Amino acid sequence: MENIKQVFKKYKEYRKKRKEKLDAKKPQNFKESAISLLKSLLFALVFVMIIHGVLVGSFVVPTGSMENTVLTGDFLLVHKLFGPSTPQLIPFFNIPLPYILLPAPKEPKKGDVIVFVFPGNREEIVADEFTYYLKRCVAEPGDVLEIKDNVLYVNGEKYPIPPESKISYNKTNNLFETNYTFPTTKPYTTTNYGPIKIPKKGDILEIKNYEDYLDWRVFIEREGHIVNWLGKLEIDNKIVATNTYTVQEDYYFGMGDNRDHSLDSRMWGFIPRKHILGSPIVCWFSWEMHDEYEQERNILDKILNIRFSRMFRTIN
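A brief structural summary. Computed from a predicted model, the values in this text were never measured in an experiment. Numbering of residues starts from 1 in every chain and runs along the sequence as written. Only residues with pLDDT of 70 or above have their local features reported here, since the model is predicted, and side-chain atom pairs are shown and tallied only from 80 upward, although totals for entire chains, interfaces and linings are computed over all residues. Side-chain measures were taken over the full set of non-hydrogen atoms in the model, leaving aside hydrogen atoms and water.

Looking now at the sheet that holds strand β7 (residues 144-148). With respect to topology, four strands assemble into an open sheet ordered β9-β8-β7-β10, the strand pairing being antiparallel. Each having just a single partner strand, β9 (157-158) and β10 (193-197) make up the two edges of the open sheet. Here the rule is simple: two strands pair whenever DSSP picks up at least two bridges between them. Strands are runs of DSSP state E lasting at least two residues, helices are runs of H or I lasting at least four, and both sets are numbered from the N terminus onward. Sheet topology note: the β7/strand β8 (residues 151-154) ladder contains four bridges and is antiparallel. Across the sheet, K148 pairs through a bridge with V151, a residue of β8.

Attention now goes to unusual backbone geometry. Residue P183 is bonded to the preceding F182 through a cis peptide linkage, with omega at -5°. Examined against the element boundaries, P183 turns out to sit in the loop between β9 and β10. Between G194 and P195 the backbone carries a cis peptide bond, its omega angle lying at 5°. Among the secondary structure elements, P195 is positioned in strand β10. Backbone geometry places N150, a non-glycine residue, at a positive phi of 70°. In this structure, F312 is a non-glycine residue whose phi angle is positive, near 65°. Assignment of secondary structure puts F312 in the loop between α5 (299-304) and β19 (313-314).

So, about the packing of aromatic side chains. Note on aromatic contacts: the rings of Phe and Tyr and the six-membered ring of Trp form a pair at centre separations within 6.5 Å, being stacked when their planes are under 30 degrees apart, edge-to-face when over 60 apart, and tilted otherwise. In the structure shown here, the tally under the stated rule is 22 aromatic pairs. Where F285 meets W287, the ring centres are 5.2 Å apart and the plane angle is 80°; that geometry is what we call edge-to-face. By way of ring pairs, the aromatic residues F182, Y188, Y193, W216, F219, Y251, F253 and F270 are connected into one cluster. In this scheme, the term charge over a ring applies when either NZ of a lysine or CZ of an arginine sits within 6 Å of the ring centre and within 35 degrees of the ring normal. Here the guanidinium or amino end of K148 rests over the ring plane of Y153, the centre of that ring lying 5.4 Å away.

For every residue, the accessible area obtained with a 1.4 Å probe (protein chains only) is divided by the maximum for its type, and the residue is called buried under 20%, exposed over 50%, and partly exposed between those limits. Burial analysis of strand β6 (residues 132-139) places seven of its eight residues in the buried class, which makes it a mostly covered element. Relative to β6, strand β5 (residues 113-117) runs antiparallel, the two being bridged by five bridges. Each residue of the ladder has a partner; that of V117, found in β6, is Y132. Here three bridges tie β6 to strand β16 (residues 251-255), and the two strands are oriented antiparallel to one another. Note that in β16 the partner of A139 across the bridge is F253.

As a further point, take the sheet that holds strand β13 (residues 233-235). Read across the sheet, three strands follow the order β12-β13-β14 without closing on themselves; strand pairing throughout is antiparallel. Of all strands in the sheet, those with a lone pairing partner are β12 (227-229) and β14 (238-240), marking the two edges. Each strand axis lies, on average, 35° off the axis of its neighbour in the sheet, ignoring direction. In the sheet, β13 pairs with β14 via three bridges, with the strands oriented antiparallel. Across the sheet, residue I235 finds its bridge partner in β14, namely K238. Contact criterion: two residues are considered in contact whenever any of their non-hydrogen atoms come within 4.5 Å of each other. Structural elements are reduced to axes, namely lines fitted to C-alpha atoms, with helices fitted over the stretch in contact, and the angle between N-to-C directions of any two is expressed from 0 to 180 degrees. Across the face of the sheet, helix α3 (residues 210-222) comes into contact with β12 and β13 while running at roughly 170° to β12.

This next bit is on α3. In this scheme, a helix's expected span is set at 1.5 Å multiplied by one less than its residue total. Taking 1.5 Å per residue, 13 residues should reach 18 Å; α3 reaches 19 Å between its end C-alpha atoms and fits that length. For α3, the complete set of buried residues consists of D212, Y213, D215, W216, V218, F219, I220 and E221. Contact partners of the buried residues in α3: β11 (204-206), β12, β13, β15 (244-246) and β16. After α3 finishes, the residue G224 shows a positive phi value of roughly 105°.

Below, the structure written as structure tokens:
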């Protein structure tokens, strides 16, 4: 009996000391409470940024360019296996940050739906704003791509049609004429495009004349060089006697599954490998939204337009 009393006594002493220790940690005034709350919020923000950069991310589909594989208003959970990195932006504020790419455990392949950092419009060295895009990877580095009457060929073979895609085979259905397509001087349309080789690291580009220069100027400058044409190719203020340029990284070609209503590589060019982050895993939420401006609708309208049938659908 005496031993039991001693055990209870020691337990009470332990509880008393623990309470005193916890009380000592509690903020004693408003300032300390505010600092404690601020530290907790900062820790949570940093944690979310790390997870968002390295493992997974979320993506709201703003347009119908990938219908019907994904729809405008789908909320996608995206893995980052193609491009884990330090945080690329501050969550909730979309403020871009300098980032470092980490080793990728997986490489994108033809047929993958990919999420990537938009490289910019056809004439832009750097995009106006930091934006994530969603397209299907239809060609890898070194592939030759061609579109004939809206039929896509890669390396001379018909590209498999995604099961939920929206494609018209009307020969006159050119979303953009030649003055909007990439490269600048080629007579390509969105329905009759190429043939064009997707650049890979180590490829040699021949810049023989001013038209070649116009076609590849933005591409080369995106790789970090200053380019001019003086009858000869000039790179970083040095005349290149042989008028060639060696590609420094791998590139991919992306197109929307809603092929006739998609702004994609046909208009703004190749996707650098370092810009590709990952691929959607699942649609975890969705509401009907016909365009990106409808995100401003009131919450009741959004609730009434929830698409329950889209929830937890895998993306292929």
